[in-house]
Every structure is written in C-alpha cells, then in structure tokens.
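A structural walkthrough
Each chain is listed here by its residues.
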Amino acid sequence: MAKYVYAFAEGNKDLKVLLGGKGANLAEMTNMGLPVPPGFTITTEACRAYLESGVEPPAQAGQVDEHLAALQAAMGRRLGDPDDPLLVSVRSGSKFSMPGMMETVLNVGLNDSSVEGLARIADDDRFAWDSYRRLVQMFGKTVLGIDGGHFDAVFDAAKRAKGTSDDLGLDAADLRSVVAAFKAVVVARAGREFPQDPREQLDLTVRAVFGSWNAPRAVTYRRRERIPADLGTAVTVMAMVFGNLGPDSGSGVAFTRDPATGSHGVYGDYLANAQGEDVVAGIRNTLSLVELERLDPASYRGLLANMATLERHYRDLCDIEFTIERGTLWMLQTRVGKRTAGAAFVVACQLVDEGLIDTDEALRRVTGAELAQLMFPRFASDATTTVLAVGMNASPGAATGVVVFDSPTAVARAAAGERVILVRRETNPDDLAGMIAAQGVLTSHGGRTSHAAVVARGMGRTCVCGAEDLDVDVVGRRLVGPGGIEVVEGDMLSIDGTTGEVFLGEVAVVASPVVEYFEGVLDPGAPDAGELVRAVHRLMGHADKTRRLAVRANADTGEDADRARRFGAEGIGLCRTEHMFLGERREQVERLVLADSDAERDAALATLLPLQRADFVEVFTAMAGLPVTIRLLDPPLHEFLPDLTELSVRVALAEERGSPDSFDVALLAAVRRLHEENPMLGLRGVRLGIVVPGLFGMQVRAIAQAAAALRRDGVEVRPEIMIPLVGAVQELQTVAEETSAVLTEESELHGVQLDALIGTMIELPRAALTAGQIAGSAQFFSFGTNDLTQTTWGFSRDDVEGAFFSRYLERGIFGTSPFETLDIDGVGRLISIAVKEGRAARPDIALGVCGEHGGDPDSIGFFHREGLDYVSCSPFRVPVARLEAGRAALDTHMSHEP
C-alpha cells in the first residue's frame, strides 16, 4: 500500500520532492535533536492524487488516523477534548519555497467547548479566545473562501469601539464577541455553520491546502520563478505551541546572517505575545531580534545556539521560524534562506573562508541573474534629495517611479510604460502581480521578514518596509508623511532599499560599484572596494578559470568594443554592418538602389568603401589580438530607404505644386519595387549579396583594407567574415568564392597575408537540417538564435510579443518567452542537429552563438552541453555569460562523476 503520511522522525532534508521543503526540514531538525513540536506530513503524492481526482487517496484517511493517534499519545492530549484539547497547525510546503503563496491554518481543533478547556489549562481566557478567533478567521478565508475583508471589518470595528489600534487592546470579553461575529460572517457568507467537529476541521483544511497549489497567486509565482506546475504541495500537521500566551511568549523569524548584505550578526524580527503569522503579515511592527536578549536571555541564547547548529549543518544561510511558549523555545521551520543578489556572493565567499564549502560550490551558489541584478544602477551620492521617511532596508537597489496604491493600478500603469512604486500599509500574497510590475515596493508596516520583504528579495525588487512615519491611505490614494507632507497617486517617489530611505521626487541614479569594478574604475583590492566587489571579483576569477566556453560580445562600434573588452569579452562574435549604412550614408544607399548601370552602382559602392573601412579600423583597433566576426549586410534594402507612405506624400505634394523632384520620383518607384509583404523573409542577407552585384564585395574589400593597414602598423587583426541567412550550401559557395577572391586580390595588392575565416549564420531551420552540407564550405557556424526562433516558431517577433505572448504566458503555454530563454525542445533540437552534422563534416569547425540567448543565464548551460566554442552577447551581459559559463562547466563535471 502506498505511504502518504510520514512522521517527522521518518523523513530527512533530502526528501523535499515528497515531503516538501517544510516537511523535509522539520524532519531533519527532529532527527538533529532540536526542539520541534511533534507532527506528521502528508505527501505531495497525496496532493497530486487529490488535484487529479478531487478526492484523497483511499489510504490517506487511515494513515492520518494512525499518525494523529501517535501525535495525541506524544502530547498527552486529544484533538477536540473539551478539558485538555490538542490543537494543530496545518501548513503547506512544496519542494521550492513559495513564501505566502499557499495556505496555513492555525489552532485547528478548537470549538465552542474546547476553547473553555484551553482557557482553564492556560489559565488565560484572553489567550484562548484570541486563538479561537484566529482559527475562525483563517478557516473562513482559507477553507470556505470568504473574502478576508469581512473579518477585517469586524475586527477593526471592535478595536475602534475599544479605542485601541492594537490587537492587544482587546480583552477576553471583546474577543468572545469577535468570535461570535466571525461565526456570523461564516453563516452569512458561506451558508453553513463553522464546523464544531475537530476532525472535520482538519480534513477540510488539508483539502484547502492541497487546493491552494492552484490558487492564482501560487500559479503566478510559479510561472515567474519557473517552478514546475506538477510538483504539488505537501501538508504538515504539527502540534500547536503558542506565542500568544502572554509577555513571556512570542514568535519570531531569524536569519543566521543578514539576508540583505550577507553580513555576520543577529538578524530577524520578534513579537512578544504573538503567533507566527503576526510577524510575517506586518500587522504589528516587530522588535529587532536583539531585543529578545533583554526580554528572555535564556531563550535568546538557545536560539543563537540552534542557529549556529543549523548553519553548520546546512552549510548555508538559514531562515528560521520559532516560537517561545512561556519561556520554552520551539523551532517551527528552517530552510536555506532567500537572500539578495549581493548577499549571495558575499555569503558564498564567507562560507569558503570558514571551511564549510569549497570554491566550486560557492560558484554554484550564485547565478548570472543575480550578477545582472548587481549591475543595476544606484542613487547618485551627490544628488539633491529630500528625505520623506526612513524604513527598513528590506531589499537593496534604487527605484524611482510614480506612486500607486494597489496591485491592479501598478500593473496597468507599468503596462502603459510608466515606472511605478507600489505603496501599501503591508502587502499580502494578492499583491504579487503589482510587485512584479513595480520598480520598487514601499510599506508602512512590517519588517525584514514580512511578506513584502521576503518576496521582493526573492525577485530582486527594491523594497523598503516598516516606514512607520508614513500614514498610507489606500482608499484616499495618498500617503501623509511627517509634517503633513502629502503624496498623492501619480506623484514621484524614490526609495533606497539599501539604506531604507524614502525620497520625495525623482533621484538621479549612478552605476553600481560592480559595474565600476568591471569598467576598471574600482580596484577590488582597494580598502574602499567593499566586501561585495571583492566577492564578485573572487568568484568571477574562479568562473574564468573553470569555464570552457569563450565569451565574446555583440559590438558594432569602437566604443562598444572597448566596453566589451573591459567587461572581459574575448572577441566580437557579432559586428553588425547595417548601422554603418544609416545617417548621412543613406544617400549613397539610395543611389545604389537607383543605379541604372554598372558604372553608377560601382560609383555608389566606391563612395561607401572608405566609410566602411574606417568603421572596421575602429573596431579592429579596439579588439586588437582578438577575433572579430563581421556579419555582411543582413536587413533588406528598404530599411535604409524613406518610408513608402511619407515619400508618397512628399512626391504627391511636390507634383501638386508643379515642381516634382526627379530624384524623389525615381526613388519612390524604387521603394515601391522593393516593397515586400514579409520583408524579413524576403530579399535580405545572402540573397541581397547575390542579387546586388558588388555589395558584399565592397564590404569584404573594406574589411581587407582595414586589416591590411593595421597589420602593416603592427596591430594583430583576426577578422572573421560571416554570411547571413544562408539556407542552401550553394548560396554560401557563391558568396564565399567572391569573398576569397577579394581577400586574395587585396593580399597581393598590399603585400599582407589576409587569412580571414569565412563562415555563416545558422538562423534558418533548413540551414540547421543541412548543416553537414554547409559545413563543407564554412569554417565556422554562428547560431543566430533570434531569427532561428522566429523561423522555427513561425513568429514575427515585433508582432507576436505584443499580440498574444502575455496570454500564452498566463495560460502556461510558455514558461518564459522563447526570445528570452532558448526553446530547447524545438530550436535547441535544431542546434543539436547542426552541431552534430557540422562537426561530422568538418571536425575543426568553430561553433558559436550570437543571438540574444548568448547572454541568457538559463540558455548558456545548453550551449555548453552542446559543445559550442563560444557565446556572444551585449557588452553589458558579458560578465553574466562568463559567470554562467563557469557554472555550466561545474554542472557538466558533476554529471560525469561516478
């Protein structure tokens, strides 16, 4: 019989797929001997079975009975006992942490009779009725689907009637009335009484937690974080321990290091006389964890000892939830803690220095996406600022934008192209879409472990929490700061997630110190470089020593090439020549199009030749000693000509005035002749070079002359000539013959050996499928994954991204856009075929990629595994590609270990 329920003592941290992260780590802590309340976990397999059929597996109920009996025996209490009741918490927990995205219900087992027994046992009426109102409220929202606002309205009214803004201002009688009102809400909104049978409460709650796996916010979070949808969630059932039993009780969240910076120290939040959800919900502002030392020294010392034990055991920064019940410390959860990008680099290097991990493991623990976050700008130190308030520095970065007060408005205004700052009293999981859309998040309540802080850190969003001096009026669409300063929706605010400062208006930003390091402005060995820059330098060095893939840059100018080289590029993998035909040079292109004779065409090309030559001299000089792959003209000629409509109007107006311009008239005829219904599949790339005699020859001649001049001056030049949009080997052979002839002619003319490589882009499915033939005439392939994605999917990128990609992403048809991360199953399959057949035909063929995927962290591992020689990306992405190439090499090494 299948096993669907595991006691904590039966599991371990390696069973996350089966028991979820929460269940697996509770089992691990139990087996380590840490103080964990007893309990059991219902597996993800049971969840998947329930979601597929709508009913629990037949064996589940009996196994729950068995483990519930063992739990009751261990605690000496019985679920629903009117004299000494056992209460349990019911929590979700998937393999991957999804903070706040699924459901939790506490105090399951309370009813109208057991609440009285709990009050007698605890000798505290207020505690018992506070626990009961929490159960009715959470059960109503989570299990019965009642809008939480109905409960909030009742609770807020009770506090107003009492003249208090604090939950603790309500006494036992007040809370007894609140429970009665909550139960009335249940009847009115759910059409049924609040269940008095504790086992019915438990079973319904387990089903609700299972169902929360497919809640909209959980689905949205999974899509963003690329968590598989078929994992399901486990459910942990644990004996309740109570942090709301009075001033000697409380709940908190702790981190073994600062999750924002990675610094050593005591970090976390604590609330006396509170249950765990109060801490993360941000409903009451928390105390710093160091305050616990004053309030309860023994529990504080025990917590620090447990934190140290867990960090050594997990060899990583740990996130811990705990409760103190009348002076007794209980550990309720641990997991490897989410952290900012900067903290990831710093902590990884600290752990190496402490002997807990090696440098290979440190490199595995940071990502290219995190490095990209660190390269974002920050506020200028000399900017004129007006500080409105200061909160907690929950997630670093600099963000500026217009203020909005709810998630839908954030989404709408961001979609319209505005930068927005989402301002809330405190966020909840329903705000996720707005947090994704916003540049930054600002809350007036909550701490570094609140929902806003945890989610913002996980997605790299700037966040300031707990800015208590701000009175946020969501309904009135305004916030009021100290001195009565008012900010209304649409006004500009700037927030600094590193310092916690909130500024009025827009603040200028500057490059991050990590960018300054890559630019060579900041010496990592300098005393003021900072721990982050030193950590990035250290791990980048290890990545460079580890990686096999070379990293080149896509650069079209000397300036771009200079920056790419500073950022560590080992050449240029794509130098586009089309920009060289823009601006003042358009006139020569127009004359080329209008040429009626070979002489006129040759004259236009002769005028372009020295301009092209100068461009190539600039790029070759910047990349001296390194390969430079130059793509011959790729776009259709119409892109360099006037717009058909504008030119038609100009000619029509001139004719109406009786003074038509003969050049414009001729040009209009040519533009009409060149007009195509689908120009991206028309006369472009290699086709253009074949149809327009001398065009590619002029470009090759400019390359050869630039290389010859520099070589005579002692500059090492390594040109590679790339012929675009080849679909048949005959096309490549035709242009390659012309290219070789021009190179030979220029070599003899200048007395310099010009041994440029000649290759092609693989950007059409037919080219990939006939790569073995094409390799016979190509010394290198460069995969143009942008066009290869378009032509494989049948997409016009400029049209489809705005037309339906958002719907595809919402429906889960795409996990992410295939233009951002390579479609491995389709486009990747074509690349695999081309690599295999190309290498079989020409073993020494060089293979690279020059599409945008060359800088995508999630795609680089695939290129490494396929055996490509290099990736090429924008200059700014070069460090990201270097880091990911190193990580890919480590992953491949691990996969080949016995």
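Here is a short report on the structure shown in this document.

1. Notes on the side chain of Arg461
- Within the secondary structure, Arg461 is located in the loop between α18 (451-459) and β19 (462-465).
- One polar contact links the side chain of Arg461 to the main-chain carbonyl oxygen of Ile436, over a distance of 2.7 Å.
- Among the polar contacts made by the side chain of Arg461, one reaches the main-chain carbonyl oxygen of Ala438 at a distance of 2.7 Å.
- Non-local contacts of Arg461, meaning those with residues more than four positions away in its chain, are made with Arg224, Ser395, Met435, Ile436, Ala438, Gln439, Gly440, Val441 and Ala456.

2. Things to note about empty space enclosed by the protein
- Within the structure shown, the criterion is met by five cavities of 30 Å³ or more.
- Estimates place the volume of the largest cavity at around 90 Å³.
- Contributing to the lining of the largest cavity are 15 residues, with Arg91, Met240, Val241, Thr323 and Leu332 lying nearest its centre.
- Class assignment of the residues belonging to the lining of the largest cavity gives a composition of eight nonpolar, six polar and one charged.

3. Some words on the sheet that holds strand β15 (residues 392-395)
- With respect to topology, eight strands assemble into an open sheet ordered β14-β24-β23-β16-β17-β18-β19-β15, the strand pairing being mixed. A strand with exactly one partner marks an edge of an open sheet, and here the two such strands are β14 (387-390) and β15. On average, each strand axis in the sheet is tilted by 30° relative to the strand beside it, whichever way the strands run.
- Pairing of β14 with strand β24 (residues 501-504) involves three bridges; the strand directions are antiparallel. Bridging across to β24, Ala389 finds its partner in Val502.
- Helix α16 (residues 407-415) rests against β16 (398-404) and β17 (420-424) of the sheet, and its axis sits at about 175° to β17.

4. Some thoughts on the sheet that holds strand β21 (residues 478-480)
- One open sheet accounts for three strands, arranged β20-β21-β22; its pairing is antiparallel. Whereas interior strands pair on both sides, the edge strands pair on one side only; in this sheet they are β20 (471-473) and β22 (486-488). The sheet shows a mean angle of 15° between the axes of neighbouring strands, direction not considered.

5. Thoughts on the nonpolar core
- Ranked by size, the top nonpolar core spans 136 residues in total, and within it Leu371 and Phe620 carry the most contacts.
- At eleven residues, helix α27 (residues 695-712) tops the list of elements feeding residues into this core.
- Sequence-distant contacts of Leu371, that is, excluding residues within four places in its chain, are made with Phe345, Val514, Phe518, Val536, Met540, Pro879, Val880 and Leu883.
- Residues Trp129, Phe151, Val186 and Leu245 belong to the second largest nonpolar core, which totals 56 residues.

6. Quick word on the pairing of strand β32 (residues 846-849)
- Sheet topology note: the strand β31 (residues 780-783)/β32 ladder contains four bridges and is parallel. Within β32, the position partnered with Phe781 by the bridge is Leu847.
- Across two bridges, β32 lies against strand β33 (residues 870-873) in parallel orientation. From the neighbouring strand, Val849 faces β33, where its bridge partner is Val871.
- For the crossover that starts at β32, traverses helix α35 (residues 857-865) and ends in the parallel β33, the hand is right-handed.

7. Considering the state of the cysteines
- Summed over the entire model, instances satisfying the criterion amount to zero disulfides.
- For Cys318, which is in no disulfide, the shortest distance to another cysteine sulfur is to Cys349 and amounts to 18 Å.
- We classify Cys318 as buried; its relative accessible area is 0%.
- With no disulfide of its own, Cys873 lies closest to Cys850 among cysteine sulfurs, the gap being 11 Å.
- On the basis of relative accessible area, Cys873 is assigned to the buried category, the value being 2%.

8. Focus: helix α1 (residues 16-32)
- Under the 1.5 Å per step criterion, the end-to-end length of α1 is only 17 Å for 17 residues, more than 12% shorter than the ideal 24 Å.
- Of all the bends in α1, the greatest, near 75°, is centred on Lys22.
- Most of α1 sits inside the fold, with twelve of its 17 residues counted as buried.
- Along α1, the positions that sit buried rather than exposed are Leu18, Leu19, Gly20, Gly21, Lys22, Gly23, Ala24, Asn25, Leu26, Ala27, Glu28 and Met29.
- Immediately downstream of α1, the backbone of Gly33 shows phi near 85°, a positive value.

What counts, and where the lines are drawn
Residues numbered from 1 in each chain as written. Predicted model: local features only at pLDDT ≥ 70, side-chain atom pairs only at ≥ 80, totals over all residues. Heavy atoms only, no water. Helix = DSSP H or I, 4+ residues; strand = E, 2+ residues; numbered from the N terminus. Polar contact = N/O pair within 3.5 Å; in protein donor to acceptor, adjacent residues only side chain to side chain. Contact = heavy atoms within 4.5 Å. 1 Å grid on protein atoms, 1.4 Å probe; cavity = no way out; pocket = protein on both sides within 12 Å on 5 of 7 lines; lining within 4 Å. Points joined across faces, edges and corners; volume = space filled by probe spheres on them. Nonpolar A, V, L, I, M, F, W, Y, C, P; charged D, E, K, R; others polar. Pairing = 2+ DSSP bridges. Axes fitted to C-alpha atoms, helices over the stretch in contact; angles between N-to-C directions. Core = buried A, V, L, I, M, F, W, Y, C linked by side-chain atoms within 4.5 Å. Buried < 20%, exposed > 50% of the residue type's maximum accessible area, 1.4 Å probe, protein only. Right-handed = clockwise from strand over helix to strand, strands pointing away. Disulfide = S-S within 2.5 Å. Expected span 1.5 Å × (residues − 1). Bend = angle between axes of the 7 residues up to and from the residue.

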